[in-house]
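Observations on the three-dimensional arrangement
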Amino acid sequence: MKKLNCFLVLFSAFSHLLFSQQKKEKTFSEIRKNYEKMTIDDADAMPYVKLYIQKAKRENDHLKLIQGYRDGRQFDYYNKIKFADSALTISTKYGTSADISKDHLSKGIIYYFYQKKYKLALDQYLKAFEYSKGSEDGYHHHKVIYHLGIVKQHLGYYDDALEHFQDCVTFYSSEPKHKLHDNERFNYKRAYLNCLHQMTVINRYLKNYNKSDSLSQLGYSLTLNNKEFILENSYFLKGIGISKFHKKDYEGAKKELKRSLPVILKRKDFAWAQVVYYYLGKVSEVQKNSNQVIHYYSEIDIIFEKHRFILPEVYKSYNYLIDYYKNNDVNKQLYYTNQLLKADSLISKDYSYLSSKLHKDYDRKALMEQKNDLETSSTRKIRFAQILIFSCMIVLCFFIIRYVKDRKIKKQYDLLQGRLSEGTYHLNSMQDDPPEDTMRKTSLTPEMTLEIREKLEKFEQELQFIKKGLTQKSIANKLNTNSHYLSVYINENKGMNFNKYMAELRINYITNLLNTNNKYLNYRIEALAEECGIAARQNFSNLFFEINGLRPTDYIKNRKKELGII
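A quick note: this is a predicted structure, and the numbers were derived from the prediction, not measured. (Residues numbered from 1 in each chain as written. Predicted model: local features only at pLDDT ≥ 70, side-chain atom pairs only at ≥ 80, totals over all residues. Heavy atoms only, no water.)

**Let's talk about the layout of surface pockets**
There is about 480 Å³ of room inside the second largest pocket. Around the second largest pocket sit 24 residues that line it, and Tyr 77, Tyr 114, Phe 270, Lys 306 and His 307 are the ones nearest its centre. For the lining of the second largest pocket, the secondary structure elements donating two or more residues are helix H5 (80-94), helix H6 (97-114), helix H13 (250-266), helix H14 (270-286) and helix H15 (290-307). Among the elements that line the lining of the second largest pocket, the one with the most residues is H15, at 5 residues. (1 Å grid on protein atoms, 1.4 Å probe; cavity = no way out; pocket = protein on both sides within 12 Å on 5 of 7 lines; lining within 4 Å. Points joined across faces, edges and corners; volume = space filled by probe spheres on them. Helix = DSSP H or I, 4+ residues; strand = E, 2+ residues; numbered from the N terminus.)

Put into structure tokens, the structure is as follows:
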């Protein structure tokens, strides 16, 4: 009994102290300290984030609630869009233009980085740009510029994108006007490293391999053994690996690419994972390890099938898979052929939308705003602005026209290549049977028809048509007939006149050579014309266009691009 009384006395003495401590609620800063230095997508942060949000709701603190939703967006991998929408809703109602801009940008980043939904991402970036106008927040402004540069890079506007990233590198590497908090200092350095990485990528696309390599080495040295920038370190490792591949250091390339892959996969960055798999596959191709090639290229397809995303840089892997299974597995060959068609369609669709949207809502709008600003200046400045805008519009029109023309040429090239690969494009495609619904204007005896047919077949098979200076009369003499009979036969059995017949023979011949023998892709147009017996360069180019639907220079350019010939 005495023990019980003693326990009750002690309990009453300490209970007041215990419960008073429990009632003391942590501040917002104290809650955030539990997770603010955790890495992105670390789910361990979410219990603290939820406490932060609950406290903000209880106290009706809208600015803290925005921050809480932003934190949830950063750490909850599976509910990013949900938290992004919540942050945007509150900032739109209670925040500033800068707040709204930041939340539009963050939502765009989720669409771009995590979901690869480029159309939705670009819409958010453009809204972020509109709300950021007039803001004094240089860090955020350049962050918007950076992500617009990412879209331009994706579209292939490499020079424009490079200007964006160089501008951002200059800003993020300069000393800010105010003293930076630790978190701000981290964000500045990460932004700088991301810009550096994009510059390595663009210089590689522009084939500036030495520049790309030196930037990769710089980024790698800045992130080495730094756990805060382990992902960025892997990006630079990837760049070094690709650089070694281009330098034909295949073992070195394989080593660096494999080192970069685990962190990229863990981070769920399937876009760059595709690139790493692609170059590992290219290395395996060089080393003639077909099993490894199939493994790596199949990984690219797995990502494409799961996320409906593929980079233009890597979708050529399907060509290897199609060729590999051509004689091994018809079902797989058909599957990868369909996948290639889907990939090509997806890339073309995204490109067309993003290009027009970017020019309409960003580039062109920027030019028009510049024009309006300059109209308040002096007459000389107005004239200068008008000239500048006019020039930019001309350049813009030029690029649009060139894009449309290039797409048309590419389509015609694909049609022609389809005929060549299917075997429907060859000399024998010109049938020797007259159309049933036409009446002969003059008649040849069956014996004469058969004789001329056999002699013309020999004429075609022996490639006698590539000799220069051939005329209808000279060929008729060679065939021991007269030019009238020869003309009648060609008109009635080939469905064309003599000149058209000779042109088709020669252009079909040279087209097959260009498709099957790479050395002819380096010939000058004059040499190609001479090779097939056509005297004039311009006449050859016109006939090639008339028969194939594109100029020989365009065919050669597309063929080299398809084969990867520099």
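Next, the rest of the story.
**Re the packing of aromatic side chains**
Counting across every chain of the model gives 32 aromatic pairs. Taken together, a centroid distance of 6.0 Å and an interplanar angle of 55 degrees make the contact between Phe 540 and Phe 544 tilted. Remark: Phe 544 and Phe 540 occur in helix H24 (residues 537-548); sequence separation between them is 4 residues, near one turn of the helix. Note on accessibility: Phe 540 and Phe 544 belong to one class, buried. (Phe/Tyr/Trp six-rings, centres within 6.5 Å; stacked < 30°, edge-to-face > 60°. Buried < 20%, exposed > 50% of the residue type's maximum accessible area, 1.4 Å probe, protein only.)

**Structural notes on the packing of helix H12 (residues 230-246) against H14**
Direction vectors running N to C along H12 and H14 enclose 25 degrees, while the axes themselves pass 11 Å from each other. It follows from the interaxial angle that H12 and H14 lie roughly parallel. Crossing angle aside, the handedness with which H12 passes H14 is left-handed. Judged by residue contacts, Tyr 235, Lys 238, Ile 242, Phe 245 and His 246 of H12 engage Trp 272, Val 275, Val 276, Tyr 279, Lys 282, Val 283 and Val 286 from H14. A class-by-class count of the residues in the contact of H12 with H14 yields 9 nonpolar, 1 polar and 2 charged. (Axes fitted to C-alpha atoms, helices over the stretch in contact; angles between N-to-C directions. Parallel < 35°, antiparallel > 145°, perpendicular 65-115°, else oblique. Left-handed = near helix turned anticlockwise from the far one by under 90°. Contact = heavy atoms within 4.5 Å. Nonpolar A, V, L, I, M, F, W, Y, C, P; charged D, E, K, R; others polar.)

Shape is all these values report; function is a separate question.
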